[in-house]
Amino acid sequence: MRTEEEMYRLILEKARADERIRAVYMNGSRTNPNVPKDIFQDYDVVYVVTDTKPYIEDKNWIDYFGERLFMQYPDEHPDFPGDKENFYGYLIQFADGNRIDLHVESITHAEENILQDKLCQVLLDKENMFSVPPATDEDYWVKKPAKEQFLCACNEFWWCLDNVAKGLWRQEMPYVQDMLSFCVRPQLQMVLSWKIGIETDFSVSVGKSGKYMYRYLPEAEWKTYLSTYCGAEVEECWNAVFRMCDLFERTAVFVGEKLGYGYNNLEGDNCRRFLQHVRELPGDAEEIY
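Cut-offs used in this document
Residues numbered from 1 in each chain as written. Predicted model: local features only at pLDDT ≥ 70, side-chain atom pairs only at ≥ 80, totals over all residues. Heavy atoms only, no water. Helix = DSSP H or I, 4+ residues; strand = E, 2+ residues; numbered from the N terminus. Rg over C-alpha atoms; globule rule 2.2 N^0.38 Å. Salt bridge = Lys/Arg side-chain N within 4 Å of Asp/Glu carboxyl O. Buried < 20%, exposed > 50% of the residue type's maximum accessible area, 1.4 Å probe, protein only. Expected span 1.5 Å × (residues − 1). Arc of directions from axis to C-beta. Contact = heavy atoms within 4.5 Å. Polar contact = N/O pair within 3.5 Å; in protein donor to acceptor, adjacent residues only side chain to side chain.

(A) Fine view of the overall build of the protein chain. Broken down by element type, the protein chain carries eight helices and six strands. Listing every helix and strand of the protein chain by position from the N terminus yields α-β-β-α-β-β-β-α-β-α-α-α-α-α. In terms of overall size, the protein chain is more extended than a compact globule, its C-alpha atoms giving a radius of gyration of 24 Å where 289 residues would be expected to give roughly 19 Å. Taking the principal axes of the C-alpha coordinates as reference, the protein chain spans close to 75 × 40 × 35 Å.

Laid out in structure tokens, this is it:
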């Protein structure tokens, strides 16, 4: 596997040798000082070029970076057409284990947008076009919620468990898993992140999907959170659901009290009773109550 030093040299040598490339910058995990380094970190590289079209029409130029295992052209997806004239990407997994998420960007587009991502770090600027402050993950810090946002998250959590309950009674496990993953868990993750924000004065990021929450939660609480994930067995999911309820309620009460927003205990209590009732409902029941 090529080293970080070798990859940077490769990236910059290409830029220096190609007059059409006027600047190079990076963003993502490698420019974030709070992300631990590991072997799976991508190189998120942007070449600022005089014209994106030649790089799109003749894609053989990316052979320079090494042998590929597989790759993707995200801007060629028919359902998500990109602005190819200004920004075009190549997501490349190399045979040696390295990965580059490489983009070419027009000068005008870069000038208008480079400061919008505070994780940008300029590696090469042939004409001194860009003045970028030191990289920071400030844009990704947990944000203090408004009262309405907090109350809506609580309501969404309890309301969507209604769908989980009927899915478990019907033993429709794909539906259950989708409801838990895409509707219920995001609310649990959100209140946990708000708790972390409160305890850190809203000055940290918990990472994509909350993957860094373990840094800030007590070990027991983190393990409880992990135990809310479940497999495809009905009873296993029921147990995970009630662990989610316990963890959510404890956390939401804490957040509500600390922010002065309060918490609707009745909503959670009624939902819990409904969940328990459905869990005990016979599979051949003809009425819910």
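(B) Main features of the pattern of salt bridges. Within this structure, the stated rule accounts for 21 salt bridges. Here Arg2 ties to Asp96 by a salt bridge, and the two come within 2.7 Å at their closest N and O atoms. With Arg2 in the segment before helix 1 (4–17) and Asp96 in the loop between strand 4 (87–94) and strand 5 (99–106), the pair connects residues that are 94 residues apart, well separated along the chain. For Arg2, a relative accessible area of 24% corresponds to the partly exposed category. For Lys118, the salt bridge identified is with Asp139, shortest N-O distance 3.8 Å. Note that Lys118 is positioned in the loop between helix 3 (107–113) and strand 6 (121–125) and Asp139 in the loop between strand 6 and helix 4 (147–170), a separation of 21 residues in sequence. When its relative accessible area of 32% is taken as the criterion, Asp139 is described as partly exposed. Overlapping salt bridges, with partners in common, bring together Glu4, Arg30 and Lys37 in one network.

(C) Spatial organisation of helix 8 (residues 265–280). Between its first and last C-alpha atoms helix 8 spans 23 Å; for 16 residues at 1.5 Å apiece the expected length is 22 Å, and the two agree. Taken as a whole, helix 8 has its buried residues at Gly268, Cys271, Arg272, Leu275 and Val278. Buried residues of helix 8, seen end-on, are gathered within an arc of 130° and therefore sit on one face of the element. Set apart from the buried face of helix 8 by more than 90 degrees, the exposed residues are Leu266, Arg273 and Glu280. Here the buried face of helix 8 lies against helix 4 and helix 7 (234–259). At the N-terminal boundary of helix 8, the capping side chain belongs to Asn264, with an oxygen 3.2 Å from the backbone nitrogen of Leu266.

(D) Unusual backbone geometry, seen in detail. Positive phi, normally seen in glycine, also occurs at Gln171, with a value near 60°. Among the structural elements, Gln171 can be located in the loop between helix 4 and helix 5 (173–199). One non-glycine residue, Ser209, adopts positive backbone phi at about 60°. Along the chain, Ser209 falls in the loop between helix 5 and helix 6 (219–226). Classification of Ser209 by relative accessible area gives exposed; the value is 53%.

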